[in-house]
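Each chain is listed here by its residues.
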Amino acid sequence: MEHLTTETLARLVDDVPDTKEGAHLVECSTCASELEALTNQTRALGSLPELLPPRGDWGVLEARLRSEGLLEDSGTLARLGLARTPSWVRMAASFLLFAVGAVSGATWADRAYDDSGSVAMAEASSLDDAAAAVQAAERTYVQAMSQYREMAARSGTDLDSSDPISRYAALEHLVLVSQAAVRQAPGDPFLNGFLASALAERDAAARLVSTNTGGWF
Amino acid sequence: MTDGMTPTTDKHLLARASEGDPRAIRTLYDRFSPRVYAVVRRIAGDDDLAQDYAQEAWIRAIRALPTFRGDARFSTWLHRIAVNAALQAVRKAETRRKREAPAVDDMMNTDVAVAPSHGDAFLQQRLSKALDELPDGMRRVLILHDVEGYTHEEIGDVLGVTAGTSKSQLSKARAKMREMLCALDGELREQGVESWSI
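Some remarks on the overall build of chain A
Line of reasoning, step 1. On a plain count of helices and strands, chain A comes out with nine helices and two strands.
Line of reasoning, step 2. Each helix (α) and strand (β) of chain A, taken in turn from the N terminus, gives the series α-α-α-α-α-α-β-β-α-α-α.
Line of reasoning, step 3. In chain A, which comprises 217 residues, the share counted as buried stands at 29%.
Line of reasoning, step 4. For chain A, long-range pairs separated by at least 24 residues make up 65% of all intrachain contacts whose partners lie at least 6 apart in sequence.

Below is the structure:
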């Protein structure tokens, strides 16, 4: 007796068998059990669970959304008139903040910042705690950005109109440093977000350089 | 599958998200990221690629949010964006390099018992492993039809093939999947592990 092929049996999971196929399935227990196994396989595939994205995924996405202007600026930045600050300047401020944290010996994960801007370990036990932690981090971030602007002003750099090649070089440096940091702490959402921003800004700067230089880049 | 959103919160939340409100977007992400990640992960067949594809899907969705009119459920709309983003990324990757599926002996193993075991983590693990090793074209059709519940007409639209081609590919994919699961079972038996989930 010639068995039905697996492909035919796979089709019969959805389709009604024709007369010949039906007769064979009645007589052949091997093919009947194989069809049942294929039906169970199909059912099992339909029951596969949803999958959680990797830890830190939101941080990377948030950074990309911000770099593409799809997330609105936070209220604090807008109130302080810093909402229009170029995103690469904000990134540099973030980097400064990160560097300060690293130098002060902060751990890589589960960081929070207290009101004075120093790094502190904290765990939010309620929504209010979490909101307060976010606000504190935001204040520290704004302080770092202002500090970065002052540093740039002292060195005579115009942050809003610096030449694209210098900007590209600076961003390339930031990418290298942040890649090294991510290698140290691959699961850290802050670092991953920072790296994603740096990569996006660097690529944008590269495109700008390419355009300004007649496409040689 | 439920949408995960109630009509009252739905409109308000989506309106805020389409304006770029970070909290609204985060809420959408928290609710739907497992579904988005699951479908792109299965299409990608790889964790690293899946993360990239999922990110791309979310960027596209947030960018397109102002055009969402509510004709379909948000989850359906988002799911379609995720599938398209993943398929497009896979096609791009294919132009760079062709992946070869591992060869599997052409055999029909009838020794495997037929008891289904839904919710069985071990079975899910085996199915996921076999899915990852399935040739790309077969995997796409199998995932869209058997995992995600697309019709052959919908698969035709998404993949740019006829419904007949989709149907034919599905039969081949199921058969291949069956062979691969049998081969996996054989390997496990050789290692002394009893495996008869399907």
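Some points on the overall build of chain B
Line of reasoning, step 1. When helices and strands are counted, chain B shows eight helices and zero strands.
Line of reasoning, step 2. For chain B, the residues scored as buried account for 37% of the 198 residues in total.
Line of reasoning, step 3. Put simply, of all contacts in chain B between residues at least 6 apart along the chain, 70% involve residues at least 24 apart.

Points about the confidence of the model for chain A
Any residue range with low pLDDT should be treated as having predicted coordinates unsuitable for detailed reading.
Residues and elements named next belong to chain A.
Line of reasoning, step 1. Summarising the model, chain A shows a mean pLDDT of 70, and 51% of its residues fall at 70 or more.
Line of reasoning, step 2. When the elements of chain A are averaged for pLDDT, strand β2 (residues 119–121) gives the smallest value, 37, and helix α1 (residues 6–11) the largest, 96.
Line of reasoning, step 3. In the model, residues 213–217 has pLDDT below 50 throughout and makes four contacts with residues more than four positions away in sequence or in other chains.

Points about the interface of chain A and chain B
Line of reasoning, step 1. Counting residues at the interface gives 36 residues for chain A, matched by 40 residues for chain B.
Line of reasoning, step 2. The set of elements that each furnish at least two residues to the side of chain A that touches chain B consists of α1, α3 (29–46) and α4 (57–67) of chain A.
Line of reasoning, step 3. Ranked by residue count, the leading element in the side of chain A that touches chain B is α3(A), at 13 residues.
Line of reasoning, step 4. Here the residues of the side of chain A that touches chain B sort into 18 nonpolar, eight polar and 10 charged.

Remarks on the nonpolar core
Line of reasoning, step 1. Among the nonpolar cores identified, the biggest contains 69 residues, and Val36(B), Val40(B), Ala57(B), Ala82(B) and Ala86(B) are the most heavily contacted of them.
Line of reasoning, step 2. In terms of residue count, helix α2 (residues 22–44) of chain B provides more of this core than any other element does, 11 residues in total.
Line of reasoning, step 3. Look past the residues within four positions of Val40(B) in its chain and what remains in contact with it is Ala50(B), Tyr53(B), Ala54(B), Ala57(B), Ala82(B) and Ala86(B).
Line of reasoning, step 4. Counting nine residues, the second-largest nonpolar core is a separate cluster that includes Ala10(A), Cys31(A), Leu35(A) and Ala175(B).

A word on the packing of helix α5 (residues 121–133) of chain B against helix α8 (residues 163–190) of chain B
All names here are of chain B.
Line of reasoning, step 1. Remark: α5 packs on α8, axes separated minimally by 10 Å, with the N-to-C direction vectors making an angle of 125°. With respect to α8, the axis of α5 lies oblique. The two elements α5 and α8 cross, and the hand of that crossing is right-handed. Contacts from Arg-126, Lys-129, Ala-130 and Glu-133 in α5 reach Met-177, Met-180, Leu-181 and Leu-184 in α8.

Here's the deal with the packing of helix α7 (residues 152–159) of chain B against α8(B)
All names here are of chain B.
Line of reasoning, step 1. α8 packs onto α7 with a crossing angle of 105° between their chain directions and a minimal axis gap of 8 Å. Taken together, the axes of α7 and α8 are roughly perpendicular relative to one another. For the pair formed by α7 and α8, the contact residues are His-152, Glu-153, Ile-155, Gly-156 and Leu-159 on the first element and Ala-163, Ser-166 and Lys-167 on the second.

Some details on the environment of Ser33(B)
Line of reasoning, step 1. The residue Ser33(B) is located in helix α2 in this model.
Line of reasoning, step 2. For the pair Ser33(B) and Trp58(B), spaced 25 residues apart in the sequence, the C-alpha separation amounts to 8.7 Å.

Quick notes on helix α4 (residues 74–96) of chain B
Line of reasoning, step 1. The terminal C-alpha atoms of α4(B) lie 33 Å apart, and with 23 residues this matches the ideal 33 Å at 1.5 Å per residue to within 8%.
Line of reasoning, step 2. All of the buried residues in α4(B) are Phe74(B), Leu78(B), His79(B), Ile81(B), Ala82(B), Val83(B), Ala85(B), Ala86(B), Leu87(B) and Val90(B).

Side note on the confidence of the model for chain B
Residues and elements named next belong to chain B.
Line of reasoning, step 1. In this model, chain B carries an average pLDDT of 82, and 80% of its residues clear a pLDDT of 70 or more.
Line of reasoning, step 2. Confidence drops under pLDDT 50 across residues 101–119; counting only partners more than four residues distant or on other chains, this segment forms 36 contacts.
Line of reasoning, step 3. Prediction confidence for the complex, expressed as pTM and ipTM, is 0.57 and 0.75 respectively.

Analysis parameters
- Residues numbered from 1 in each chain as written.
- Chains lettered and ligands numbered in written order.
- Predicted model: local features only at pLDDT ≥ 70, side-chain atom pairs only at ≥ 80, totals over all residues.
- Helix = DSSP H or I, 4+ residues; strand = E, 2+ residues; numbered from the N terminus.
- Buried ≥ 20, exposed ≤ 12 C-beta atoms within 10 Å, placed from the backbone.
- Contact = placed C-beta atoms within 7 Å.
- pLDDT = per-residue confidence, 0-100.
- Nonpolar A, V, L, I, M, F, W, Y, C, P; charged D, E, K, R; others polar.
- Core = buried A, V, L, I, M, F, W, Y, C linked by C-beta atoms within 7 Å.
- Axes fitted to C-alpha atoms, helices over the stretch in contact; angles between N-to-C directions.
- Parallel < 35°, antiparallel > 145°, perpendicular 65-115°, else oblique.
- Left-handed = near helix turned anticlockwise from the far one by under 90°.
- Expected span 1.5 Å × (residues − 1).

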